[in-house]
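Spelled out from the first residue to the last, the chains are:
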Amino acid sequence: EDVFRLLGYTDNPQVKIKDFKLNNHKINRGEDLNFDFNLTSHSNRNQKIVVDFAIHFVKKNGKTTAKVFKLKSFTIEAKANVDLFKKHSFKEISTRKYYIGTHKIEILVNGQTKATKHFDLI
């Protein structure tokens, strides 16, 4: 998390995730996972933040491994609300094979986990 401060992002950002929703809690391989949420600032100052999401993919052996993806980097104004949306494809690609099972998605703000949800890849 120190790396975010070194890059000029707000240390320990005062934000909350509200209304974190998945379009479906059961996804077929080849389909998309759509998710959205509201990011609310609880600070009286503007905050420079980077929002990432991590998916904990099920591996062949049944264990999970996390992969972090970029979502958005911006300055959130004092007491502001921002709605964010993302689509992640589960289409097979040459560099990634998907396995059925329960996966986890995390929303990260400046490297800190702010929300999690589980979904099943079927």
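Further up the page is the structure itself.
Keep in mind that this is a model prediction, so the values were computed, not measured. (Residues numbered from 1 in each chain as written. Predicted model: local features only at pLDDT ≥ 70, side-chain atom pairs only at ≥ 80, totals over all residues. Heavy atoms only, no water.)

A. Region of interest: the overall build of the protein chain. Tallying secondary structure elements over the protein chain gives one helix and eight strands in all. With the C-alpha coordinates of the protein chain rotated into their principal frame, the extents come out at 45 × 30 × 20 Å. By element, 46% of the accessible surface of the protein chain is carried by carbon and sulfur atoms, the whole surface being about 7200 Å². (Helix = DSSP H or I, 4+ residues; strand = E, 2+ residues; numbered from the N terminus. Areas by Shrake-Rupley, 256 points an atom, 1.4 Å probe, with all protein chains shown as cover.)

B. Examining the packing of aromatic side chains more closely. All told, the structure shown has 10 aromatic pairs when counted by the stated rule. Note on Phe20 and Phe35: the rings are 6.3 Å apart at their centroids and 80° apart in plane angle, and the pair reads as edge-to-face. Here Phe35 lies in strand 3 (residues 32-41) and Phe20 lies in strand 1 (residues 15-22), a separation of 15 residues in the sequence. Here a set of aromatic residues connected by ring pairs shows up, and it is made of Phe20, Phe35, Phe37, Phe53, Phe57, Phe69, Phe90, Tyr98 and Phe119. Seen from the ring of Phe69, Lys67 lies directly overhead, with NZ or CZ sitting 5.2 Å from the centre. (Phe/Tyr/Trp six-rings, centres within 6.5 Å; stacked < 30°, edge-to-face > 60°. Lys NZ or Arg CZ within 6 Å of the ring centre and 35° of its normal.)

C. Focus on the pairing of strand 7 (residues 101-109). Pairing geometry for strand 4 (residues 47-58) and strand 7, over six bridges, is antiparallel. Looking across to strand 7, one finds that Phe53 is bridged to Ile107. As judged from the nine bridges shared by strand 7 and strand 8 (residues 112-121), these two strands associate in the antiparallel manner. Directly across from His103, in strand 8, lies its bridge partner Phe119. Linking strand 7 back to strand 8 in an antiparallel pair, the connection comprises two residues, with Asn110 at a positive phi of about 50°. (Pairing = 2+ DSSP bridges.)

D. Geometry of the sheet that holds strand 3. Taken in spatial order, the three strands of this open sheet run 1-3-6, and their pairing is antiparallel. Each edge of the sheet is formed by a strand with only one pairing partner; in this case those strands are strand 1 and strand 6 (81-89). Geometrically, the sheet is characterised by an average inter-axis angle of 20° between neighbouring strands, direction not taken into account. Two strands pair when backbone bridges link them, and strand 3 and strand 6 are joined in this way by nine bridges, in the antiparallel orientation. From the neighbouring strand, Leu33 faces strand 6, where its bridge partner is His88. (Axes fitted to C-alpha atoms, helices over the stretch in contact; angles between N-to-C directions.)

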